[in-house]
Amino acid sequence: MFGCSTMQTGDLTKSDRAVDGIFGFGQQSMSVISQLSSQGLTPRVFSHCLKGDSNGGGILVLGEIVEPNIVYSPLVPSQPHYNLNLQSISVNGQTLSIDPSAFSTSSNKGTIVDTGTTLAYLTEAAYDPLINAITSSVSQSVRPVLTKGNQCFLITSSTAIFPQISFNFAGGASLILNAQEYLIQQNSVGGTAVWCIGIQKIQGQTILGDLVLKDKIFVYDLAGQRIGWSNYDCSMSVNVSTTSNTGRSEFVNAGQLSDNSSRRNVPQKLIPKCIIAFLLHICMLGSYLFL
């Protein structure tokens, strides 16, 4: 069962809030992934790899991308979103002093993974210590400035001077962010580059959006109730493990399906009938997957 909207009302009609490309990949029974899985057409797992360059793009797989360096963290049970248990945040290996209650999960709190969000949003109790730690570590090399309420920096050298951030989750899994994965270049002033921290302050839930999901494989293992990730060059090929009707695992080189390929141009051996993973190319960074 699939639906198609014929009328939008309220915020959906506003140009600054309009949404496009909604694809229901939630955990509920009516989502696309749940319906296909319940009929035995796909595994109850999907994966994506979002390219981080200015052209966007990437790969979406109804199946499991296989990569030996993937680390997993368990999903928080009985939640409507893809909630993970964020336990601490570190900057250059130093754990920040943040009240653990800032990360607790409730009706309007917790940490969710959401490709429908372009940037990343951190609850206030964790945001201020993070921004202070980043600013303190580079204060001798750059000039901090506030631009429309966002913490920015005037930089004459490389962003390599900025610290590494680690979001540490239950199960021992850490999401490591280098400077290019949390900074956004805005413009330049007199030849000096202006870079801003793309992580925003928010009341309530922490949201990990495309800013911190790009250039990584993400695997949503709904059957195992866990999410895994690994750094990856998303312009490269990926191996996909699926469960075939013979009970064997199949491996598909999804990278060979180029953006310009049509179905008739793809070698048949890449898409045997027994394989139940669908390979879809994402047209742009920020495609909305989850409802």
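Residues numbered from 1 in each chain as written. Predicted model: local features only at pLDDT ≥ 70, side-chain atom pairs only at ≥ 80, totals over all residues. Heavy atoms only, no water.

- An unreviewed UniProt entry annotates the chain as Peptidase A1 domain-containing protein of Citrus sinensis.

**Brief notes about helix 2 (residues 124-138)**
Part 1 of the argument: Under the 1.5 Å per step criterion, the end-to-end length of helix 2 is 22 Å for 15 residues, consistent within 8% with the ideal 21 Å.
Part 2 of the argument: Listing the buried residues of helix 2 in full gives Ala126, Tyr127, Leu130, Ile131, Ala133, Ile134, Thr135 and Val138. (Helix = DSSP H or I, 4+ residues; strand = E, 2+ residues; numbered from the N terminus. Expected span 1.5 Å × (residues − 1). Buried < 20%, exposed > 50% of the residue type's maximum accessible area, 1.4 Å probe, protein only.)

**A word on empty space enclosed by the protein**
The gaps left among the atoms become clear once a water-sized probe is rolled over them.
Part 1 of the argument: In the structure shown here, the tally under the stated rule is one cavity of 30 Å³ or more.
Part 2 of the argument: Counted as a void, the largest cavity has a volume near 30 Å³.
Part 3 of the argument: Every residue along the wall of the largest cavity is listed here: Leu84, Val113, Phe169, Leu175, Leu208, Leu213, Phe218 and Trp229.
Part 4 of the argument: Counted by class, the lining of the largest cavity contains eight nonpolar, no polar and no charged residues. (1 Å grid on protein atoms, 1.4 Å probe; cavity = no way out; pocket = protein on both sides within 12 Å on 5 of 7 lines; lining within 4 Å. Points joined across faces, edges and corners; volume = space filled by probe spheres on them. Nonpolar A, V, L, I, M, F, W, Y, C, P; charged D, E, K, R; others polar.)

**Quick word on the sheet that holds strand 12 (residues 165-169)**
Strand pairing in a sheet takes place through backbone hydrogen bonds and is either antiparallel or parallel in direction.
Part 1 of the argument: What the four strands build is an open sheet, ordered 7-6-12-13; its pairing is antiparallel. For this open sheet the edge positions go to strand 7 (94-95) and strand 13 (174-177), each flanked by a neighbour on one side alone.
Part 2 of the argument: The sheet contact formed by strand 6 (residues 86-91) and strand 12 spans five bridges and is antiparallel. Across the sheet, Val91 pairs through a bridge with Ile165, a residue of strand 12.
Part 3 of the argument: Helix-sheet contacts for helix 2 involve strand 6 and strand 12, and the interaxial angle to strand 6 is about 20°. (Pairing = 2+ DSSP bridges. Contact = heavy atoms within 4.5 Å. Axes fitted to C-alpha atoms, helices over the stretch in contact; angles between N-to-C directions.)

**So, the state of the cysteines**
Part 1 of the argument: Inspection of every chain in the model, using the stated rule, returns two disulfides.
Part 2 of the argument: The side chain of Cys49 participates in a disulfide bridge whose partner is Cys234; the two sulfur atoms lie 2.0 Å from each other. Handedness here is read from the sign of the S-S torsion; for Cys49 and Cys234, about -80°, the answer is left-handed. Placement of Cys49 in strand 1 (residues 45-50) and of Cys234 in the loop between strand 19 (226-231) and strand 20 (239-243) is noted, with a sequence separation of 185 residues between them.
Part 3 of the argument: Cys49 sits in the buried class, given a relative accessible area of 1%. (Disulfide = S-S within 2.5 Å.)

**Observations regarding the side chain of Ser34**
Part 1 of the argument: Residue position: Ser34 is located in helix 1 (residues 32-38).
Part 2 of the argument: For Ser34, a relative accessible area of 9% translates into the label buried.
Part 3 of the argument: Among the polar contacts listed, one links the side chain of Ser34 to the backbone oxygen of Gln28, at a separation of 2.8 Å.
Part 4 of the argument: Beyond its immediate chain neighbours, meaning those up to four positions away, Ser34 contacts Gly26, Gln27, Gln28 and Ser29. (Polar contact = N/O pair within 3.5 Å; in protein donor to acceptor, adjacent residues only side chain to side chain.)

**Brief notes about the sheet that holds strand 16 (residues 199-202)**
Part 1 of the argument: Across the sheet, which stays open at both edges, the five strands sit in the order 5-8-17-9-16 with mixed pairing between neighbours. A single partner strand is all that each edge strand has here, and the edge strands are strand 5 (83-84) and strand 16.
Part 2 of the argument: When strand 9 (residues 120-123) meets strand 16, the two strands line up parallel, connected through four bridges. Following the sheet pairing, Thr123 is matched in strand 16 by Ile202.
Part 3 of the argument: Contacting strand 9 and strand 16, helix 2 crosses the sheet at an angle of about 105° to strand 9.

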